[in-house]
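Below are the chains, spelled out letter by letter.
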Amino acid sequence: MSTIHLHQTTTLTPEQYVAGLTDFGPGRSKLFGNSADEYLKVHQRGRSQADVTEGSGGVWERLHYDWSNPDHVVLTTTDSNVWGGASGHTYSFTRREDGSTDIDVDVVREGKNLKGRVLGLVLGTIGRTVLEKAFVNSVRAIEARNAAKRTAPSMSLSA
């Protein structure tokens, strides 16, 4: 079993990052490169929870998303072709006095078969940089999306 801790400081609020994290619409792969659109299936979505299958490159997992606590989001793997046991992701958000947010992510990978055990070993060692890059890219993509929303011209009609 591999546990990888990632950290990033961002200009986003926790709510803005969670909005991106829980956007299961088309184009999700632009925010999360490891979530290809052809794998994405939303089984159920509520106000603060969702049941979603996603993945890429031949690896998929079904995740239970729980964002009922605005400072702590938990993604629990409920099924996968490679991950089992305690696999999942936990996001923790800390608001800073300067308006920025610290995001800490713990990724747990417990292989349920040979392929999963090998991938877990790789991710826990040399593959950490791949997860780190994907996380940084997701933060930047959500920052860019929020910046675009702020600068989008508003439509007004004059009489």
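Predicted, not measured: the structure shown is a model, and the values here were computed from it. (Residues numbered from 1 in each chain as written. Predicted model: local features only at pLDDT ≥ 70, side-chain atom pairs only at ≥ 80, totals over all residues. Heavy atoms only, no water.)

Asker: Could you clarify how one ought to interpret the pattern of salt bridges in this entry?
Answerer: Side-chain pairing between opposite charges can occur once the charged atoms of the two side chains come close. Within the structure shown, the criterion is met by nine salt bridges. Close ionic contact of Arg-62 with Asp-51 constitutes a salt bridge, the shortest N to O distance being 2.5 Å. Here the residue Arg-62 occupies a position in strand β4 (residues 59–69), and Asp-51 occupies one in strand β3 (residues 49–56), the gap between them amounting to 11 residues. Judged by its relative accessible area of 16%, Asp-51 is buried. The shortest N-O distance in the salt bridge between Lys-112 and Asp-79 comes to 3.7 Å. (Salt bridge = Lys/Arg side-chain N within 4 Å of Asp/Glu carboxyl O. Helix = DSSP H or I, 4+ residues; strand = E, 2+ residues; numbered from the N terminus. Buried < 20%, exposed > 50% of the residue type's maximum accessible area, 1.4 Å probe, protein only.)

Asker: Even after reading the chapter, I still don't get the nonpolar core, so can you show me in this structure?
Answerer: If you look at soluble globular proteins, the nonpolar side chains tend to sit buried side by side. If you look at the biggest cluster of nonpolar residues, it comprises 31 residues, and the most contacted ones within it are Tyr-17, Leu-21, Tyr-65, Val-73, Tyr-91, Ile-103 and Phe-135. Counting only elements with at least two residues in this core, the list comes to β1 (2–10), α1 (14–21), β3, β4, β5 (72–80), β6 (88–95), β7 (101–109) and α4 (128–151). When residues in this core are grouped by element, the largest group, five residues, is from α4. Apart from residues no more than four positions distant in its own chain, Tyr-91 is found in contact with Tyr-17, Leu-21, Asp-71, His-72, Val-73, Leu-75, Ile-103, Asp-104, Val-105 and Phe-135. (Core = buried A, V, L, I, M, F, W, Y, C linked by side-chain atoms within 4.5 Å. Contact = heavy atoms within 4.5 Å.)

Asker: Before we go on, may I ask you to explain the packing of aromatic side chains in this structure?
Answerer: Aromatic ring pairs are described here by two measures, namely the spacing of the ring centres and the angle between the planes. Counted by the stated rule, this structure contains four aromatic pairs. A ring pair is formed by Tyr-17 and Tyr-91, whose centres lie 5.8 Å apart and whose planes are at 40°; its orientation type is tilted. Here Tyr-17, found in helix α1, pairs with Tyr-91, found in strand β6; they are 74 residues apart in sequence, far enough to count as distant. As far as burial versus exposure is concerned, Tyr-17 and Tyr-91 are alike and both buried. With centroids separated by 6.0 Å and ring planes inclined at 55°, the aromatic side chains of Tyr-17 and Phe-93 adopt a geometry described as tilted. Pair noted here: Tyr-17 is in helix α1 and Phe-93 is in strand β6, with a separation of 76 residues, a long-range link. (Phe/Tyr/Trp six-rings, centres within 6.5 Å; stacked < 30°, edge-to-face > 60°.)

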